[in-house]
Amino acid sequence: MLWIIFLLQLFISSMEMLTQNRWKKQASAGLLENCTGCVLCSEENGCITCHHRLFLLIWRDGIRQYGMCVHTCPPGYFGVRGLEVNRCTKCRSPSCESCFSRDFCMKCKDKFYLHKGQCFRQCPPSTTAQPGTRECQETCELGPWSNWSACTHEGQTCGCKWGVETRVREVLGAAREEGAACPALLETRKCRMRKHCPGEKTEPKNKGKKRQKKPKTEPHTGT
């Protein structure tokens, strides 16, 4: 009877040791995966320091935080190189996909538009949304059109039947920003010119044409 109890206890102990060994192998494999590129790694918190070319990315899961060494920071983060460690720092705005610094966004997430380093669902006043670039561009405040210019053709105001006249308008000072989306500042239209210039001698229409003589008719004499 005792030897049966002894064998049963031995079997239970063997099963516990097997389970512990299996768990240790899984933990070691997970630790090795989480510690890729690490110089110093923790079983509970992942990477603590990375190789000098990598960035340390830290994210939180409840009250715990984990570290990972990455070559490039993920969307919503930007890389900051330091003397001891390079870190991935999170952009302040949750609508920012990539940023130059914590408060200056370079690209916004979908359904947002970028304007002066900030992300907006709707572009601010005096700007227009550009769907292709997902940016807000400054709009132009334009002055009035000028009067139409004289009708000319190759610099001449006469001597041709048709010419072109133009008019222009200017961008007011408050909207002279680089990259502003401005409509046309110049317009042209076809115009009728004076065909003959002043002082120019005109040739008569029948000049050069020979006058046709009427055939002579002989008087008819009766018999």
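Up top is the structure.
Anyway, here's the lowdown on the structure attached to this text. (Residues numbered from 1 in each chain as written. Predicted model: local features only at pLDDT ≥ 70, side-chain atom pairs only at ≥ 80, totals over all residues. Heavy atoms only, no water.)

Quick word on the pairing of strand 4 (residues 64-70)
At step 1: As paired elements, strand 3 (residues 55-61) and strand 4 share seven bridges and run antiparallel to each other. Bridge pairing links leucine 56 to cysteine 69 in strand 4.
At step 2: Connecting the antiparallel pair strand 3 and strand 4 is a turn made up of two residues, with glycine 62 showing a positive phi of about 70 degrees. (Pairing = 2+ DSSP bridges. Helix = DSSP H or I, 4+ residues; strand = E, 2+ residues; numbered from the N terminus.)

A look at the environment of glycine 67
At step 1: Secondary-structure assignment places glycine 67 in strand 4.
At step 2: Considering only alpha carbons, one finds glycine 67 and leucine 57, ten residues apart in sequence, at a separation of 5.6 Å.

Quick look at the packing of aromatic side chains
At step 1: In this structure the tally under the stated criterion is zero aromatic pairs.
At step 2: Taking the ring centre of tyrosine 113 as reference, the NZ or CZ of arginine 134 above it sits at 4.5 Å. (Phe/Tyr/Trp six-rings, centres within 6.5 Å; stacked < 30°, edge-to-face > 60°. Lys NZ or Arg CZ within 6 Å of the ring centre and 35° of its normal.)

Here's the deal with the environment of leucine 40
At step 1: Residue position: leucine 40 is located in strand 1 (residues 38-42).
At step 2: The spacing of leucine 40 and cysteine 50 is ten residues in sequence and 7.0 Å in space, taken between C-alpha atoms.

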